[in-house]
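Close look at the chain arrangement
Below are the chains, spelled out letter by letter.
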Amino acid sequence: MSRKPTRPLAVVILISGSGSNLQAIIDTLHGREIDIKAVISNRPGVLGLERAQKVGIETHVVDHKGFTDRRSFDTALAQVIDRYQPGLVVLAGFMRILTPEFVEHYLGRMLNIHPSLLPNFQGLNTHQRAIDAGMKEHGVSVHFVTPELDGGPVVVRAKVPIHADDSAETLATRVLKEEHRIYPEAIGLFAADRLRLQDNVALLDGHPIAQLAAAE
Ligand code: GRF
């Protein structure tokens, strides 16, 4: 069951780009339910870093191009993250595949947002693939990160319609609006101690979320 945490949850956010999800999280939760200790990008010069700096959040670049393999990049990344001892690591448009060791290290305290109604359309180019498949609905999912890529237990999803004249861009814009709503919502639940991962099942207030979704 939930408890009222006595202090904001320490969070580290990983980005690769524009950081519009980061901005939504800053606007909704930072300085209240959560304390964003650092924002880390694997790409230098991205807008998300500026968004963080503007509100005084520490930023780092761990450029994957400076590493010869995935493992050494992930080790360097974890060293920076762990300086802040976060209770939660948030992947917000972080476009890197993570090693099983890295995922294991943060198991149960790492969330990702994926622009599809998981388990549909794992991987890249989700909007175009949903259109090409003739889907009537598309959307976005927040999930715990487990070693299976885009396959961890879903915490919350939001649906949007696909219109006949949609392009990948118009659909992405509609989905992104929902991303900015549900990611802060999911992180808020985690910060309130209402959300956890147990035996590869996401629990909300102690109840499996898959069952709740099935009852929708
Ligand atoms: C979002 O669509 C996210 O779901 C995807 O990458 C995009 C990142 O956008 N994985 P932003 O950097 O948060 O603006």
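The notes below deal with the structure included here. (Residues numbered from 1 in each chain as written. Predicted model: local features only at pLDDT ≥ 70, side-chain atom pairs only at ≥ 80, totals over all residues. Heavy atoms only, no water.)

**Considering the site of the ligand**
Taken together, the residues surrounding the ligand are Ser18, Gly19, Ser20, Asn21, Gly93, Ile113, Pro115, Leu176 and Glu179. Within the contact set of the ligand, an oxygen atom lies 2.8 Å away from a side-chain nitrogen or oxygen of serine 18. Within the side chain of glutamate 179, an N or O atom sits 2.9 Å from an oxygen atom of the ligand. Taking a 2 Å distance to the grid points as the criterion, the majority of the atoms of the ligand fall inside the largest pocket. For the shell around the ligand, the secondary-structure elements that each account for two or more residues are helix 1 (20-29) and helix 6 (168-191). (Near = heavy atom within 4 Å. Polar contact = N/O pair within 3.5 Å; in protein donor to acceptor, adjacent residues only side chain to side chain. 1 Å grid on protein atoms, 1.4 Å probe; cavity = no way out; pocket = protein on both sides within 12 Å on 5 of 7 lines; lining within 4 Å. Sits in = over half its atoms within 2 Å of the grid points. Helix = DSSP H or I, 4+ residues; strand = E, 2+ residues; numbered from the N terminus.)

**Things to note about the side chain of histidine 143**
Positionally, histidine 143 belongs in strand 6 (residues 137-144). When near neighbours in sequence (up to four residues on either side) are disregarded, histidine 143 contacts Met110, Leu111, Asn112, His114, Leu118, Asp150, Gly151, Gly152, Pro153, Val154 and Val155. (Contact = heavy atoms within 4.5 Å.)

**Points about the pairing of strand 9 (residues 201-204)**
Bridging between strand 8 (residues 195-198) and strand 9 involves four bridges; their strand directions are antiparallel. Note on strand 9: the bridge partner recorded for leucine 195 is leucine 204. Hairpin remark: strand 8 followed by strand 9, antiparallel, with two residues in the connecting loop; positive phi at aspartate 199, about 50°. Relative to strand 10 (residues 207-208), strand 9 runs antiparallel, the two sharing two bridges. Paired with leucine 203 across the two strands is proline 208, which belongs to strand 10. Taking the residues between adjacent antiparallel strands as the criterion, strand 9 and strand 10 are bridged by two residues, where aspartate 205 takes a positive phi near 50°. (Pairing = 2+ DSSP bridges.)

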